[in-house]
Amino acid sequence: MDHFPTNWGRPRNDAHDAFNTYPLHQRPAPHTDTFAEGVQRTQQPIVTGTSVLAIKYKDGIMMTADTLASYGSLARFKSIQRLHAVGESTVIGASGDMSDFQYLQGLLDGLVTDEFTAGDGDALGPAEVHEYLARVLYARRSKMNPLWNSLLVGGVKDGESFLAYVDLLGTTYTASTLATGYGAYIALPLLRQAVEGREATLGADEARRILTESMRVLFYRDARSLNKFQIATVTAAGVDISEPIVLDTAWGFAEGIRGYGGQTQ
Amino acid sequence: MTSIGTGYDLSASTYSPDGRIFQVEYANKAVENSGTAIGLRVKDGIVLAVEKIIHSKLLVPEANRRIQNLDKHLGMATSGFQADGRSLANRGRDEATSYRDYYRQPSPVKEVVNRLSMYVQAYTLYSSVRPFGVSAIIGGVDKTGPRLFIVEPSGVAYGYHGAAVGKGRQLAKTEIEKLKLSELSTREAVAEAARIIYLVHDDAKEKEFELEMSWIGDETNGLHVPVPEGLLAEAERKAKEALETFE
Amino acid sequence: MPDGSFAHPQERQFNPYSENGGTILAIAGADFTVVAGDTRQSEGYSIQTRYAPKVFKLTDRAVLAVNGFAADGNMFVKKVKQRLEWYRHAHAKDMPLRAIARLIQTMLYAQRFFPYYVYNILGGIEEDGSGAVYSFDPVGSYEREACRAAGAAQALVQPFLDNQIYFKNQQPPAGSSHPVHLPLPDVLSIVIDSFTGATERHIEVGDGLEIFVILAKGRSTQGFDGRSGVQELSTTPEGDRVFVIRRELKKD
């Protein structure tokens, strides 16, 4: 049966519209893409976020990202949030294209809402969210139309903490310390040294200190970073995303560095 | 119903000479034969309650829910054909999702109600379909506060402070009218709703029933969720107590 | 852009592939097969993780190792497993090894013009009870062999296997001939030596080693019952058994 009320009571062949009742909303029509001959696809990210860092610790996972969205080398938006809670037990952090990230947030929020309205008591955990994102990103790269992000997914469900990575190619992996972008070169060695082998004993305060110091190093070395960041914590109690934290940083020492400061020789 | 047998009641697309659409009226009959559903719009939220008649002891408790979610902030209780209620809720979820996709924000209760009522109304226009055999009480909290509506089989929808549909609606309405809805909290309304459902249930005619309740408001963080077990049990206990002192 | 980077139109294309390092190998014995892979996943000079499995148990007598672009590899394994599950539902038994091999060729060739950038090595026990290794190229060419190495350190490991398994460039002692199949303890030693060697000389190999051992029915565990880190994964009613041996490799 045709389940579209707007199609009811019409002549069978409506190739010609004898009753002249067309168009009405929601009539299914053969889909033609006006731009099918010249489709534009993402070739590069435009407004971008830099590194995201995350570690496992005693009570769950902790993730951090600064609040900057850059437009090329321009520090364009200085107060955007790159950490996003998905349901009650998951947080994702995004580097790369911010519009693609916002699109993904929309997808995930829809998913969470559908899961809620089902009303069966089930909820998505971090592993499910990660698998879903991996499928979406891999599918898009396979269409040669990638979502230009590197994402970290972390959370705690049923007493298990989970931390994983997925990027625009659909590449995935898990580890107890993860970082995207420049963080993978600059912060990850620091995180591994501080965390690996201590995941089960590391306290929240020290975990926060490790991440904060890593963000400080990144701020001094990564030209696309900002000294303002947020920390997300996921424990059995749920997700908490902190207010922006501003680091006390200083560039005064730069004056004395040869080749950087004011001296000419 | 003097016009029965005159042939004007066979199709929703034909009026009777005195201007009625019998198929729609029959759909209302289906609702009137079904377990009562009520909704209370109070100070800080909405409470929905349903008298779910258990027609067999073999049924799994709490199966076949008659209160459903349309969105995080929207609930719907139906009276009438269960299957039609499920179908309508499905449409409601689609509309709520579509609103979110378009506007990136939760829909006003009225918007979903309007869209659903237009959908229901379409089923009163054609000889090839049968009108919905349900009245749906739709409650939720949006930017404007708690909102409560009934969508009837005709497609008509009104907003209410207190709503009742199904078999016991008359008695339920008189009871709801006695309440000071604008002063009640949702927590208090839960107890009242339970009491009313227990009151309107007709022991003599129907055997078992299950009380199904949901709420939404400040207490639930703006989420439409089932009333927690403990509170539900407490409300049921009080309801039974009140029943004994009644009359 | 202010820096003039858009002044001249540039040809630019999104590259849907990456290369994630690591090495895999498999060796068939008379009544067993060994399939192994390291667990490092890397991109460029960065180690992404020290533990990302590349060897997967498909059935109670088939194990698949995948190497190359990790995202393709994981997706490919997922789809192969799905097809094997459907086969189980349709036929109430596991797909035989040679049929899995042909299935993999079909699935790889289906992507001939947008290939899975993955080298596959399938190991297990054939229906006749013999150990078997099948190796594939990314678009599905395949053959049955006695041993095969693939991945980042293929160029290091394969010549070593040629020498140690096929006895290339070795003269048998006068009056005797080279054995056709090696015993399990010898094979395990060769596998471990292969990976310690590759770890030493190739930056993309290391961290951890997973060695899957598939024994044909009736074969004893003689050869590795003394070893540490052995875990039994499954036994069939007929008596085929799958084990995994986990070892550390250097992490530098």
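Fair warning: this is a prediction, and the values are worked out from it, not measured in the lab.

Thoughts on the sheet that holds strand 8 (residues 162-165) of chain B
Residue and element names in this part refer to chain B.
And then number 1: Strand order across the open sheet formed by five strands is 8-1-2-9-10, with antiparallel pairing between neighbours. Here the strands that pair on one side only, and so sit at the sheet edges, are strand 8 and strand 10 (225-226).
And then number 2: Against the sheet, helix 5 (residues 186-200) touches strand 1 (37-42), strand 2 (45-54) and strand 9 (208-217), its axis set at about 160° to strand 9.

Observations regarding the environment of L40 of chain B
Residues and elements named next belong to chain B.
And then number 1: Note that L40 resides in strand 1.
And then number 2: Separated by 127 residues in sequence, L40 and K167 place their C-alpha atoms 17 Å apart.
And then number 3: In this structure L40 touches G45, I46, V47, L148, H161, I176, L179, L181, A189, E192 and A193, once residues within four positions along its chain are discounted.

Regarding the interface of chain A and chain C
And then number 1: Contacts between chain A and chain C engage 23 residues on the former and 26 residues on the latter.
And then number 2: For the pair chain A and chain C, the summed buried area comes to about 2,100 Å², and 54% of that belongs to carbon and sulfur atoms.
And then number 3: If you look at where chain A meets chain C, you find two salt bridges.
And then number 4: We note a salt bridge from D72 of chain C to R141 of chain A, for which the minimum N-O separation is 3.0 Å.
And then number 5: Seen at the junction of chain A and chain C, the total is six residue pairs in polar contact (both at pLDDT 80 or more).
And then number 6: Put simply, the parts of the chain that give the side of chain A that touches chain C at least two residues each are helix 2 (126-142), strand 10 (172-174) and helix 4 (188-195) of chain A.

Side note on the sheet that holds strand 13 (residues 241-248) of chain C
All names here are of chain C.
And then number 1: Strand order in the open sheet formed by six strands is 10-1-2-11-13-12, and the pairing between neighbours is antiparallel. Only two strands of the sheet have a single neighbouring strand rather than two, namely strand 10 (147-151) and strand 12 (230-235). On average, adjacent strands in this sheet sit at an angle of 15° to one another, irrespective of strand direction.
And then number 2: As judged from the five bridges shared by strand 1 (residues 23-28) and strand 10, these two strands associate in the antiparallel manner. For T23, the partnering residue across the bridge sits in strand 10 and is G151.

Here's the deal with the pairing of strand 9 of chain B
All names here are of chain B.
And then number 1: Taking burial as the measure, the ten residues of strand 9 include nine buried ones, the bulk of the element.
And then number 2: Pairing geometry for strand 2 and strand 9, over ten bridges, is antiparallel. If you follow K52 over to strand 9, its bridge partner there is E210.
And then number 3: Of the pairings in the sheet, the one linking strand 9 to strand 10 comprises two bridges and is antiparallel in character. Of the residues in strand 10, the one forming a bridge with S214 is P226.

Considerations on the packing of aromatic side chains
And then number 1: One pass over the full model with this rule turns up 21 aromatic pairs over all chains.
And then number 2: Aromatic side chains Y198 of chain B and F209 of chain B sit 5.0 Å apart centroid to centroid with 65° between the ring planes, which places their arrangement in the edge-to-face category. Here F209 of chain B lies in strand 9 and Y198 of chain B lies in helix 5, a separation of eleven residues in the sequence. Of the two residues, Y198 of chain B and F209 of chain B, neither departs from the other in class, the shared state being buried.
And then number 3: Of the aromatic side chains, those joined through ring pairs into one cluster are F219, Y220, W251 and F253 of chain A.
And then number 4: Directly above the aromatic system of Y17 of chain C lies the positively charged group of R141 of chain A, at a separation of 5.4 Å from the ring centroid.

As for the side chain of S135 of chain B
Residues and elements named next belong to chain B.
And then number 1: Counting through the fold element by element, S135 comes out in strand 5 (residues 134-142).
And then number 2: Note on S135: relative accessible area 4%, which makes it buried.
And then number 3: Beyond its immediate sequence surroundings of up to four residues, S135 is in contact with V31, A77, T78, S79, I150, V151, E152, P153 and V165.

Some details on the pairing of strand 13 (residues 238-241) of chain A
Residues and elements named next belong to chain A.
And then number 1: Here strand 12 (residues 228-235) runs beside strand 13; their pairing, made up of four bridges, is antiparallel. Residue pairing for strand 13: V234 is matched across the bridge by V239.
And then number 2: Hairpin connection of strand 12 to strand 13: two residues between the antiparallel strands.

Some remarks on a nonpolar patch on the surface
Residues and elements named next belong to chain A.
And then number 1: A surface patch of nonpolar side chains, about 440 Å² in accessible area, is lined by W251, F253, I257 and Y260.
And then number 2: Counting through the fold element by element, Y260 comes out in the segment after strand 14 (245-246).
And then number 3: Under the relative-accessibility criterion, Y260 is labelled exposed at 54%.

Description of the interface of chain B and chain A
By a frequent convention, interface size equals the accessible area lost on bringing the separate parts together.
And then number 1: Listed per partner, the contact involves 18 residues of chain B and 13 residues of chain A.
And then number 2: Between chain B and chain A lies a buried interface of about 1,200 Å² when both sides are counted; carbon and sulfur atoms form 63% of it.
And then number 3: Contact with chain A buries surface across chain B, with N69, K72 and Y126 of chain B losing the most and accounting together for 36% of the total.
And then number 4: Here chain B is connected to chain A by zero salt bridges.

So, the arrangement of the chains
And then number 1: There are two pairs of chains in contact here, and the one with the most contacts is chains A and C.
And then number 2: Kept free of each other, chain B and chain C leave a smallest C-alpha distance of 29 Å between them.

Digging into the pattern of salt bridges
And then number 1: This structure, assessed with the given rule, holds 44 salt bridges over all chains.
And then number 2: With its nearest N and O atoms 3.7 Å apart, the salt bridge here joins E32 of chain B to R169 of chain B. Taken together, the residues span a long stretch of sequence, with E32 of chain B in helix 1 (residues 22-32) and R169 of chain B in helix 4 (residues 169-178) at a distance of 137 residues.
And then number 3: On the accessibility criterion, E32 of chain B (29% relative accessible area) is partly exposed.
And then number 4: One salt bridge in this structure joins R144 of chain C and E126 of chain C, with 3.4 Å as the shortest N-O distance. Here E126 of chain C lies in the loop between strand 7 (118-125) and strand 8 (131-136) and R144 of chain C lies in strand 9 (residues 142-145), a separation of 18 residues in the sequence.
And then number 5: Among the residues examined, R144 of chain C registers a relative accessible area of 41% and is labelled partly exposed.
And then number 6: Of the residues examined, E126 of chain C reaches a relative accessible area of 6% and is grouped as buried.

The rules behind each value
- Residues numbered from 1 in each chain as written.
- Chains lettered and ligands numbered in written order.
- Predicted model: local features only at pLDDT ≥ 70, side-chain atom pairs only at ≥ 80, totals over all residues.
- Heavy atoms only, no water.
- Pairing = 2+ DSSP bridges.
- Helix = DSSP H or I, 4+ residues; strand = E, 2+ residues; numbered from the N terminus.
- Contact = heavy atoms within 4.5 Å.
- Axes fitted to C-alpha atoms, helices over the stretch in contact; angles between N-to-C directions.
- Buried area = accessible area lost by both parts, 1.4 Å probe.
- Salt bridge = Lys/Arg side-chain N within 4 Å of Asp/Glu carboxyl O.
- Polar contact = N/O pair within 3.5 Å; in protein donor to acceptor, adjacent residues only side chain to side chain.
- Buried < 20%, exposed > 50% of the residue type's maximum accessible area, 1.4 Å probe, protein only.
- Phe/Tyr/Trp six-rings, centres within 6.5 Å; stacked < 30°, edge-to-face > 60°.
- Lys NZ or Arg CZ within 6 Å of the ring centre and 35° of its normal.
- Patch = residues over 30% accessible without salt bridge, like charges linked within 9 Å, V, L, I, M, F, W, Y side chains within 5 Å.
- Areas by Shrake-Rupley, 256 points an atom, 1.4 Å probe, with all protein chains shown as cover.

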